[in-house]
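# Remarks on the overall topology
Here is what each chain is made of, one letter per residue.
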Amino acid sequence: MKSQPRIFSGIQPSGNLHIGNYLGAIKQWIDLQQTYETIFCVVDLHAITVPQDPDELRRRTIEIAKIYLAAGIDPNRSTLFVQSHVHEHAELGWILNTIARMGDLEKMTQFKDKIGIKVSHLGEIARNWSEDISKTKEDILNEIWNNDSRKIETAGVGLFDYPVLMAADILLYDIAAVPVGDDQVQHVELARTLARRFNKRFGETFIVPEAKVQKEGARIMGLDNPMKKMSKSASSEYNYIALMDDPEAAKKKIMKAVTDSGSEILYADDKPALKNLINIYSLLGALSTEEVVARYAGKGYVDFKRDLAEVVARFLVGFQEKFRAISDDEALRILHDGARKAREMASRKMREVREKVGFVSEMD
Ligand code: AMP
Ligand code: TRP
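Below is a short write-up of the structure. (Residues numbered from 1 in each chain as written. Chains lettered and ligands numbered in written order. Predicted model: local features only at pLDDT ≥ 70, side-chain atom pairs only at ≥ 80, totals over all residues. Heavy atoms only, no water.)

On to empty space enclosed by the protein. Inspection of every chain in the model, using the stated rule, returns 1 cavity of 30 Å³ or more. Here the largest cavity is characterised by a volume of approximately 40 Å³. What lines the largest cavity is simply Gln110, Phe111, Lys114, Leu159, Tyr162, Pro163 and His187. For the lining of the largest cavity, the secondary structure elements donating two or more residues are helix 6 (109–115) and helix 9 (157–171). (1 Å grid on protein atoms, 1.4 Å probe; cavity = no way out; pocket = protein on both sides within 12 Å on 5 of 7 lines; lining within 4 Å. Points joined across faces, edges and corners; volume = space filled by probe spheres on them. Helix = DSSP H or I, 4+ residues; strand = E, 2+ residues; numbered from the N terminus.)

Here it is, written out as structure tokens:
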């Protein structure tokens, strides 16, 4: 059998995935199974970099695996496993820590975002300064610095170190590419840097993989605000349709979705709300956007939304049927099989790494 290039991606075990995640990411991963040897990992070690309730984490880890299986990850084609089951991830993470530099990690924007530091202070300084003329620029700089340094003092070390563990995930499997959203490209860059640095110091060990950014991925906007991405952390549940939403409740969300002024069904940039709804219709209903528009020529928003609500509900019913058909035990069996396969690849790589670093080999 001709071997296919290998890709790896990680999935955070956070529940409440929505149709934006499905259409923008999961669906692409399913398609990648055709052309790549695919490895998907539920990254529970990453999840605990922010506080998690232990029972909830266990439940979500299994739930996310079932969501991916229901969406079409085929365990006969892909390796699907839980990160903490393959100890080599933590071990390589530690070794890479010893070659990563503070300066590498200080550049990472996700860490700053998560602890609430503004990525660029310049805008804030300018704004504060112009709003409060009683303060000097130095006062304001000091205020921001004091605030940030408190945030840094109390931030978890795991959160800071998150990208190094991610580099370990990426480098263990000799992969060609990492499919990620553009927010993760910086982390993949770090993995490339660490791979090169390790190879230079200890000899060729790691393949330097490419980030594979899903540009063609649909960007699904919030139902209550078409100017912002649909997001599970939105303040209103009318922003998103979760994959596990009750189909009837999802229909109501579609009926309540904001629309633009006018009454015709048009696909245009100056009708962002409608454009988003047509995109959802097109992607879930397997029609082109032109076909959707043609179907509603001469009809109004109500007809359009009622049908879209049906399309969404039908998709959810089908998806959830598949989800329910997978028992927790079956998902666990697939995850355990996946871990066995992943461990085989990872342990081979780690034997090489330990040898290169100079660890005395264990007794077999
Ligand atoms: P997140 O839930 O932000 O961790 O994202 C998980 C994956 O879903 C990433 O690949 C994102 O690019 C993708 N994603 C998240 N929200 C959307 C959205 N509204 N539209 C399209 N893709 C999205
Ligand atoms: N950091 C990624 C995210 O938040 C998840 C992740 C962890 C990952 N390890 C990975 C993605 C390895 C790709 C490859 O989405």
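What follows deals with unusual backbone geometry. In the Ramachandran plot, Asp174 falls in the positive-phi region, its phi being about 50 degrees despite a non-glycine side chain. Positive phi values are uncommon outside glycine, yet Ala286 reaches one of about 55 degrees. Within the secondary structure, Ala286 is located in the loop between helix 12 (272–285) and helix 13 (289–295). Classification of Ala286 as exposed rests on a relative accessible area of 69%. (Buried < 20%, exposed > 50% of the residue type's maximum accessible area, 1.4 Å probe, protein only.)

Time to look at the pairing of strand 5 (residues 210–213). Judged from the 4 bridges that link them, strand 4 (residues 177–180) and strand 5 form a sheet pairing that is parallel. Each bridged residue has a counterpart across the sheet, and for Pro179 the counterpart in strand 5 is Lys212. After leaving strand 4, the chain enters helix 10 (residues 185–202) and then returns to the sheet as strand 5, a path that is right-handed. (Pairing = 2+ DSSP bridges. Right-handed = clockwise from strand over helix to strand, strands pointing away.)

What follows is about the nonpolar core. Residues Tyr68, Leu243, Phe304 and Val312 are the most contacted members of the largest nonpolar core, which totals 59 residues. When residues in this core are grouped by element, the largest group, 10 residues, is from helix 14 (residues 301–325). Once residues within four sequence positions are removed from consideration, Phe304 is found in contact with Ile265, Leu274, Leu277, Ile278, Tyr281, Val292 and Tyr296. Counting residues in each nonpolar core, the second largest holds 44 residues, with Leu92, Ala167, Phe198 and Ala346 among its members. (Core = buried A, V, L, I, M, F, W, Y, C linked by side-chain atoms within 4.5 Å. Contact = heavy atoms within 4.5 Å.)

Let us look at the site of ligand 2. Close to ligand 2 lie 13 residues; Gly10, Tyr162, Met166, Asp169 and Gln184 are nearest. Take Tyr162: an N or O atom from its side chain is 2.6 Å from a nitrogen atom of ligand 2. A distance of 2.9 Å separates a nitrogen atom of ligand 2 from a polar atom in the side chain of Gln184. Starting from 370 Å² of accessible surface for ligand 2 in isolation, the protein chains cover 89%. More than half of the atoms belonging to ligand 2 lie within 2 Å of the grid points that define the largest pocket. Counting residues per element, the shell around ligand 2 draws most heavily on helix 9, which supplies 4 residues. (Near = heavy atom within 4 Å. Polar contact = N/O pair within 3.5 Å; in protein donor to acceptor, adjacent residues only side chain to side chain. Areas by Shrake-Rupley, 256 points an atom, 1.4 Å probe, with all protein chains shown as cover. Sits in = over half its atoms within 2 Å of the grid points.)

Bringing the packing of helix 9 against helix 10 into the picture now. It is at 9 Å that the axes of helix 9 and helix 10 come closest, and there the two elements cross at 70 degrees. Overall, the two elements helix 9 and helix 10 adopt an arrangement that is roughly perpendicular. When you trace helix 9 past helix 10, the crossing you get is right-handed. Where helix 9 approaches helix 10, its residues Tyr162, Pro163, Val164, Met166, Ala167, Ile170 and Leu171 are matched on the opposing element by His187, Val188, Leu190, Ala191, Leu194 and Ala195. (Axes fitted to C-alpha atoms, helices over the stretch in contact; angles between N-to-C directions. Parallel < 35°, antiparallel > 145°, perpendicular 65-115°, else oblique. Left-handed = near helix turned anticlockwise from the far one by under 90°.)

Near ligand 1, the surroundings consist of His18, Gly20, Asn21, Gly24, Ala25, Ala218, Arg219, Ile220, Lys229, Met230 and Lys232. Taken by itself ligand 1 offers 490 Å² of open surface, and the protein chains cover 70% of this. Given that more than half its atoms are within 2 Å of the pocket grid, ligand 1 belongs to the largest pocket. Considered class by class, the residues forming the shell around ligand 1 number 4 nonpolar, 4 polar and 3 charged. (Nonpolar A, V, L, I, M, F, W, Y, C, P; charged D, E, K, R; others polar.)

It is worth spelling out the side chain of Asn279 at this point. Position of Asn279 relative to the elements: it lies in helix 12. Under the relative-accessibility criterion, Asn279 is labelled buried at 18%. Beyond its immediate sequence surroundings of up to four residues, Asn279 is in contact with Tyr267 and Thr289.

What follows is about the layout of surface pockets. By volume, the largest pocket is sized at about 1700 Å³. Lining the largest pocket we find 50 residues, and of these Asn21, Gly181, Asp183, Gln184 and Lys229 sit closest to its centre. The element contributing the most residues to the lining of the largest pocket is helix 1 (residues 19–32), with 6 residues. Of the residues assigned to the lining of the largest pocket, the class counts are 21 nonpolar, 19 polar and 10 charged.

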